[in-house]
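# Residue-level structural notes
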Amino acid sequence: MVVLSNPGIEQLSCVGNCKPTTLFSGIPIIDLSKPDSKHLLVKACEEFGFFKVVNHEVPMKFISRLESQALNFFSLPLSEKEKAGPPNPFGYGNKSIGPNGDVGWVEYLLFTINQESISQRLLPVFGHNPNEFRSALNDYISAVKKMACEILEMMADGLIIQPRNVFSKLLMDEQSDSVFRLNHYPPCTGPGIQTLNSNNMIGFGEHTDPQIISVLRSNNTSGLQISLGDGNWISVPPDQNSFFINVGDSLQVMTNGRFKSVRHRVLANSMKSRVSMIYFGGPPLSEKIAPLPPLMKGEEESLYKEFTWFEYKRSAYNSRLADNRLVLFQKIAAS
């Protein structure tokens, strides 16, 4: 184990024995402007649970503006950033990911989407004009949420189910329990961390996202990896102008396992910092999550017990990152 130090993140440990991986060119790329994209979305969700979208119509000025604000915050002294923490669960955090012992080479800001609930303790940390950060955050989230809803409606079209807002209405609901995360992975230098061919620093450990859909954008720094069905990890080439979409656990349940919730992780980069911005589209806490009847074929039975999003969120919060959270909600086949 190698213990490192960094001005922004102190005394993080090198964890995990990551096998070498290569960049993978076969990740689905969906052009949202093309008429056949709804069918390609369905195929990507079935085979990977993950895809990249281009021609997304999210203004680049919104992306650049929020990234600039994030970099300004993460460049502050640790003592200043900690004024926005500790995360409970929202606010600033570093090293620790969740309450159950997971750690990573990462610092982050976590918010609820409810604009009124953006903690007042966060805003003073953003210098003389905290409203500039709030404005950048609002513009970005609004644009990305709109895109996420459009993608979900295209999925419904591809699945030939009605109404086409069967998924997107959960994000549009005023009680939607969606969250937003800014992650910063500082350059990670030290013995045995120069290449992907040796032990690598885990930036964010392997996990699936519990919500319906996740929309990720990062700067032009590598690190993101997804797990294929055979258990091998593949590195995703970075693309700062596009978005990456993850199927979440809830969408896997709603499609009765037809769509796959993708397992993914982030490895720290030895040369450059990585900044990622993730919108997690979640349903209202009281929403019941179960396979949609139109997607049940013939005598096909549900693979999952019905549960509320609150029940699943509570279970996920009490688990480790790498745990298979859905196993607790699967139906056990009769012997």
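What you see is a predicted model, and the numbers here were worked out from it, not measured in a lab. (Residues numbered from 1 in each chain as written. Predicted model: local features only at pLDDT ≥ 70, side-chain atom pairs only at ≥ 80, totals over all residues. Heavy atoms only, no water.)

From N to C terminus, the protein chain includes seven helices and 16 strands. Counting over 335 residues, the protein chain shows a buried share of 54%. If you take every contact in the protein chain between residues at least 6 apart in sequence, the share linking residues at least 24 apart comes to 73%. Surface accessibility of the protein chain: about 15,300 Å² in total, with carbon and sulfur atoms responsible for 51%. (Helix = DSSP H or I, 4+ residues; strand = E, 2+ residues; numbered from the N terminus. Buried < 20%, exposed > 50% of the residue type's maximum accessible area, 1.4 Å probe, protein only. Contact = heavy atoms within 4.5 Å. Areas by Shrake-Rupley, 256 points an atom, 1.4 Å probe, with all protein chains shown as cover.)

Let us now look at the packing of helix α1 (residues 37-47) against helix α4 (residues 130-159). The interhelical angle for the contact between α1 and α4, taken along N-to-C directions, is 90 degrees, at an axis separation of 8 Å. One way to sum up the angle between α1 and α4 is to call them roughly perpendicular. On α4, the residues touching Ser37, Lys38, Leu41, Val42 and Cys45 of α1 are Ile151, Met154, Met155, Asp157, Gly158 and Leu159. Partitioning the contact of α1 with α4 into residue classes produces seven nonpolar, two polar and two charged. (Axes fitted to C-alpha atoms, helices over the stretch in contact; angles between N-to-C directions. Parallel < 35°, antiparallel > 145°, perpendicular 65-115°, else oblique. Nonpolar A, V, L, I, M, F, W, Y, C, P; charged D, E, K, R; others polar.)

Turning next to unusual backbone geometry. Following Gly85, the chain continues into Pro86 via a peptide bond in cis, with omega recorded as -5 degrees. Note on placement: Pro86 falls in the loop between α3 (78-81) and β5 (91-97). The step from Gln162 to Pro163 runs through a cis peptide bond, and the omega angle for that step is -5 degrees. Mapping Pro163 onto the fold places it in the loop between α4 and α5 (168-172).

Ser37, Leu41, Val42, Ala44 and Cys45 are the residues of α1 that are buried. One face of α1 carries all of its buried residues, which in axial projection span an arc of 165 degrees. Structurally, α1 contributes buried residues whose contacts are with β3 (29-31), β4 (50-54), α4 and β12 (243-247). Just downstream of α1, Gly49 is the residue with a positive phi angle, here 70 degrees. (Arc of directions from axis to C-beta.)

Here we come to the sheet that holds β5. Read from one edge to the other, the open sheet built from eight strands follows the order β3-β4-β12-β9-β14-β7-β6-β5, with strand pairing classed as mixed. Each end of this open sheet is capped by a strand with a single partner; those strands are β3 and β5. In this sheet, neighbouring strand axes are inclined to one another by 25 degrees on average, regardless of whether the strands run parallel or antiparallel. Relative to strand β7 (residues 179-185), strand β6 (residues 102-112) runs antiparallel, the two being bridged by six bridges. Following the sheet pairing, Phe111 is matched in β7 by Phe180. Seen against the sheet, α4 touches β4, β6, β7, β9 (213-218), β12 and β14 (274-281) and runs at an angle of roughly 130 degrees to β9. (Pairing = 2+ DSSP bridges.)

Another aspect to go through is the nonpolar core. Core analysis: the largest hydrophobic core is formed by 67 residues, its most contacted members being Phe51, Ile151, Phe167, Phe180 and Leu182. Setting aside residues no more than four positions away along its own chain, Phe180 makes contact with Leu66, Leu109, Leu110, Phe111, Ile113, Leu137, Tyr140, Ile141, Met277, Ile278 and Tyr279. Residues Ile27, Ile97, Tyr185 and Val266 belong to the second largest nonpolar core, which totals 21 residues. (Core = buried A, V, L, I, M, F, W, Y, C linked by side-chain atoms within 4.5 Å.)

Describing two packed helices takes the angle between their axes plus the distance from one axis to the other. The geometry of helix α2 (residues 60-74) relative to α4 is characterised by a closest axis approach of 9 Å and an angle of 140 degrees between their N-to-C directions. Considered as vectors, α2 and α4 are oriented oblique to each other. The handedness of the crossing between α2 and α4 is left-handed. Contacts between α2 and α4 involve Phe62, Ile63, Arg65, Leu66 and Gln69 from the former and Glu132, Phe133, Ser135, Ala136, Leu137, Asp139, Tyr140 and Ala143 from the latter. (Left-handed = near helix turned anticlockwise from the far one by under 90°.)

On to the pattern of salt bridges. By the definition in use, this model includes twelve salt bridges. For Asp239, the salt bridge goes to Lys52, with nearest N and O atoms at 3.1 Å. Pair noted here: Asp239 is in the loop between β11 (233-235) and β12 and Lys52 is in strand β4, with a separation of 187 residues, a long-range link. With respect to burial, Asp239 and Lys52 carry one shared label: buried. One salt bridge connects Asp102 with Arg320, and the closest N-O pair in it is separated by 3.2 Å. Here Arg320 lies in the segment after α7 (309-317) and Asp102 lies in strand β6, a separation of 218 residues in the sequence. The exposure class of Asp102 is buried, given its relative accessible area of 12%. We classify Arg320 as partly exposed; its relative accessible area is 39%. Within this structure, Arg65, Glu132 and Asp139 form a network of salt bridges that share partners. (Salt bridge = Lys/Arg side-chain N within 4 Å of Asp/Glu carboxyl O.)

With that out of the way, let us pick up the packing of aromatic side chains. Inspection of the entire model under this criterion finds ten aromatic pairs. Ring geometry for Tyr312 against Phe329: centres 5.1 Å apart, planes inclined by 70 degrees, an arrangement best described as edge-to-face. Residue Tyr312 is located in helix α7, and its partner Phe329 is located in the segment after α7; the two are separated by 17 residues in the primary sequence. Take Tyr312: its relative accessible area is 0%, and that puts it in the buried class. (Phe/Tyr/Trp six-rings, centres within 6.5 Å; stacked < 30°, edge-to-face > 60°.)

Moving on, we come to the pairing of β4. Of all five residues making up β4, four are buried, and the element is well covered by its neighbours. Direction of pairing for β3 relative to β4: parallel, over a ladder of three bridges. When the sheet's bridge partners are listed, Ile29 is paired in β4 with Lys52. In the classification by handedness, the crossover that spans β3, the intervening α1 and the parallel β4 is right-handed. Pairing of β4 with β12, which is carried by four bridges, proceeds in the antiparallel orientation. (Right-handed = clockwise from strand over helix to strand, strands pointing away.)

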